[in-house]
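Each chain is listed here by its residues.
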Amino acid sequence: MRKIVAIDSHTAGEPTRVIMSGAPSLNGATLPEMRDDFLHTHTKFRTSVINEPRGSEIIVGALLLPPSVTGSTASVIYFNNVGVLSMCGHGTIGLVRTLAYTGQIKPGLHRLDTPAGTVETVLHTDGSVTVRNVPSYRWRANVPLTLPNGKQVSGDIAWGGNWFYICHDHGLQLHLQNLVELQDVSLQIRRALQENGMTGANGALIDHVELTGAPNSPVNNARNFVMCPGGAFDRSPCGTGTSAKLACLVADGKLAPGDIWRQESITGSVFTGSVIYDGDAVIPSITGSAFITAEINLVYEAGDPLANGIDTLTPMC
């Protein structure tokens, strides 16, 4: 019998599971190389801590590692039920709160190394967290798609730490009672992207779909529904998705440095966002709150036929 120690939190409704101890050693000279080793060599570990029966498809895992860049607090590799992520905004907020909960950091500036690059975070005295994300940009504007059901849509392809197709003319109300329809059109969009060979820069897979619309609350700027790579929808406004959206707003001349954007999720939770310029780059900052939900010893009992988790690999389409 062995145990893995983890701490769970939720950021605006979206869960994060930080692996504190018991993870496998990783090979690689750089964090992207270690991420690739984790992806290709340690699938059973990943599925055992994230998938049922110990987890669920909506949990994002955060493998806590020593810093890889001088001056950083820690490194992290994010993963989910189908693989790894380059960056995760809600997960970074959850990780910072976890480090504060365990007494490893205090309010102030903390740098975290991710496979997408080093990000700056600020733990505020009220417990909220601001993430200054990696440089974000719009790759293509108003890209038309014909879905398998014949529906015509259009959207922007943008990078915010992950690749997104951001669709504004889907024709659906962004409410939880429309969840089946929202999931269906999101999966159809992803299928159409693949079938038409549409990618991000350098042929990168567009594995997130973001549907945008009007907010429920007049104090917010917009509402979104984000479909994640594993087929689950984001309960939060999605940190990397909000970053990609901010980059598109800047490209359209609708957001300037100093402006505040309030992004509402499908569940009604909110992130606030803003941008600065670093040369030609757009650097988004996302602020939200996370709350600790559990301290866990994940137990692996001898003879358990599902010790490595149920591999609920959701089809990409």
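Everything discussed here concerns the structure shown above.
Note that residues are indexed from 1 along each chain, following the sequence as it is written. In view of the model being predicted, local features appear only for residues whose pLDDT reaches at least 70, and side-chain atom pairs are presented and counted only at 80 or more, with totals across whole chains, interfaces and linings using the full set of residues. Side-chain numbers here rest on the full set of heavy atoms in the structure, without hydrogens or water.

## Details of the overall build of the chain
Part 1 of the argument: What the chain contains, in helices and strands, is 5 helices and 17 strands.
Part 2 of the argument: Taking 20 Å as the expected radius of gyration for a compact globule of 317 residues, we find that the chain reaches 19 Å, a close match to that expectation.
Part 3 of the argument: Overall, the chain is about 55 × 45 × 35 Å in size when its C-alpha atoms are taken along their principal axes.
Part 4 of the argument: The classification of residues rests on relative accessible area computed with a 1.4 Å probe and restricted to protein chains. Under 20% of the type maximum is buried, over 50% is exposed, and intermediate values are partly exposed. Within the chain, buried positions represent 52% of all 317 residues.
Part 5 of the argument: A contact between two residues is defined here by any heavy atoms of the two lying within 4.5 Å. Long-range contacts, defined here as pairs at least 24 residues apart, represent 62% of the contacts in the chain between residues at least 6 apart.
Part 6 of the argument: All accessibility values rest on the Shrake-Rupley procedure with a 1.4 Å probe; residue burial counts only the protein chains present in the view. Accessible surface, the chain: about 13,000 Å² in total, of which carbon and sulfur atoms supply 51%.
Part 7 of the argument: Charge-centre separation for the chain: the mean point of 21 positive side chains lies 2 Å from the mean point of 27 negative side chains. Per the convention used, a helix needs a DSSP run of H or I reaching at least four residues, while a strand needs a run of E reaching at least two, with both numbered from the N terminus. We take the radius of gyration over the C-alpha atoms and set the globule estimate at 2.2 Å times the residue count to the 0.38 power. His is not counted here, nor are the chain ends, while Lys and Arg score as positive and Asp and Glu score as negative. A single reference atom marks each charge: NZ on Lys, CZ on Arg, CG on Asp, CD on Glu.

## Some thoughts on the nonpolar core
Part 1 of the argument: The biggest cluster of nonpolar side chains holds 56 residues, and the ones touching the most others in it are Tyr78, Leu95, Leu145, Tyr165, Ile189, Leu211 and Phe225.
Part 2 of the argument: Looking at which element gives the most residues to this core, the answer is helix H4 (residues 179-195), with 5 residues.
Part 3 of the argument: Side-chain atoms within 4.5 Å are what join buried Ala, Val, Leu, Ile, Met, Phe, Trp, Tyr and Cys residues into a set we call a nonpolar core. Core analysis: the second largest hydrophobic core is formed by 18 residues, Leu26, Met34, Ile296 and Tyr300 among them.

## Some points on the side chain of Thr98
Part 1 of the argument: One can find Thr98 in helix H3 (residues 89-101).
Part 2 of the argument: Residues in contact with Thr98, not counting those within four places in the same chain, are Ile7, Ser9, Val18, Met20 and Ile292.

## Brief notes about the pairing of strand E10 (residues 152-159)
Part 1 of the argument: With respect to burial, E10 is a largely interior element, 7 of its 8 residues being buried.
Part 2 of the argument: Two strands qualify as a pair provided DSSP detects at least 2 bridges between them. The sheet contact formed by strand E9 (residues 137-146) and E10 spans 7 bridges and is antiparallel. Of the residues in E10, the one forming a bridge with Val143 is Gly155.
Part 3 of the argument: Linking E9 back to E10 in an antiparallel pair, the connection comprises 5 residues, with Gly150 at a positive phi of about 95°.
Part 4 of the argument: Of the strand pairs in this sheet, E10 and strand E11 (residues 163-167) are connected by 5 bridges, and their pairing is antiparallel. Paired with Gly155 across the bridge in E11 is Cys167.

## With respect to H4
Part 1 of the argument: By this rule, a helix spans an expected 1.5 Å times one less than how many residues it contains. Over its 17 residues, H4 runs 24 Å from end to end, which matches the ideal 24 Å to within 8%, given 1.5 Å per residue.
Part 2 of the argument: Within H4, the full set of buried residues consists of Leu182, Val185, Ser186, Gln188, Ile189, Arg190, Ala192 and Leu193.
Part 3 of the argument: Gly197, located one to two residues past H4, shows a positive phi value of around 65°.

## Observations concerning the environment of Gly213
Part 1 of the argument: Within the element layout of this structure, Gly213 appears in strand E12 (residues 208-213).
Part 2 of the argument: Gly213 sits 41 residues away from Leu172 along the chain, and the two C-alpha atoms are 8.5 Å apart.
Part 3 of the argument: Apart from the residues lying within four places of it in its own chain, the contact partners of Gly213 are Leu174, Ala222 and Arg223.

## Observations concerning the pattern of salt bridges
Once the charged atoms of two side chains with opposite charge are near each other, the side chains can pair.
Part 1 of the argument: By salt bridge we mean one thing: a side-chain nitrogen of Lys or Arg within 4 Å of a carboxyl oxygen of Asp or Glu. Scanning all chains against the criterion turns up 8 salt bridges.
Part 2 of the argument: Arg138 is the partner of Asp156 in a salt bridge, and the nearest nitrogen-oxygen pair spans 3.1 Å. On the criterion of sequence distance, the pair formed by Asp156 in strand E10 and Arg138 in strand E9 is long-range, its members being 18 residues apart.
Part 3 of the argument: The exposure class of Asp156 is buried, given its relative accessible area of 9%.
Part 4 of the argument: A residue is classified by how much of its surface remains accessible, and Arg138, at 22% relative accessible area, is partly exposed.
Part 5 of the argument: A single network of salt bridges, built from pairs that share partners, joins Arg111, Glu120 and Arg132.

## Quick word on the side chain of Asp113
Part 1 of the argument: Considering the arrangement of structural elements, one finds Asp113 in strand E6 (residues 108-114).
Part 2 of the argument: Although Asp113 is buried, it forms no salt bridge, and the closest oppositely charged side chain is Arg111 at an N-O distance of 7.9 Å.
Part 3 of the argument: From its side chain, Asp113 meets the backbone nitrogen of Val69 in a polar contact 2.9 Å long.
Part 4 of the argument: Sequence-distant contacts of Asp113, that is, excluding residues within four places in its chain, are made with Leu31, Pro67, Ser68, Val69, Ser72, Ala74, Ser75, Val76 and Thr118. Polar contact is defined as a pair of N or O atoms within 3.5 Å, subject to the rule that within protein one atom must be able to donate a hydrogen and the other to accept it, and that residues adjacent in sequence are counted only when both atoms are side-chain atoms.

## Some thoughts on unusual backbone geometry
Part 1 of the argument: Here the bond from Glu52 into Pro53 is cis, since omega is 10°, no more than 30 degrees from zero.
Part 2 of the argument: Mapped onto the elements, Pro53 comes out in the loop between helix H2 (43-50) and strand E3 (60-65).
Part 3 of the argument: At Ala12, a residue that is not glycine, the phi angle is positive and equals roughly 55°.
Part 4 of the argument: Within the secondary structure, Ala12 is located in the loop between strand E1 (2-11) and strand E2 (14-21).
Part 5 of the argument: For Asn142, which is not glycine, the phi dihedral falls at a positive 50°.
Part 6 of the argument: If you trace the backbone, Asn142 turns up in strand E9.

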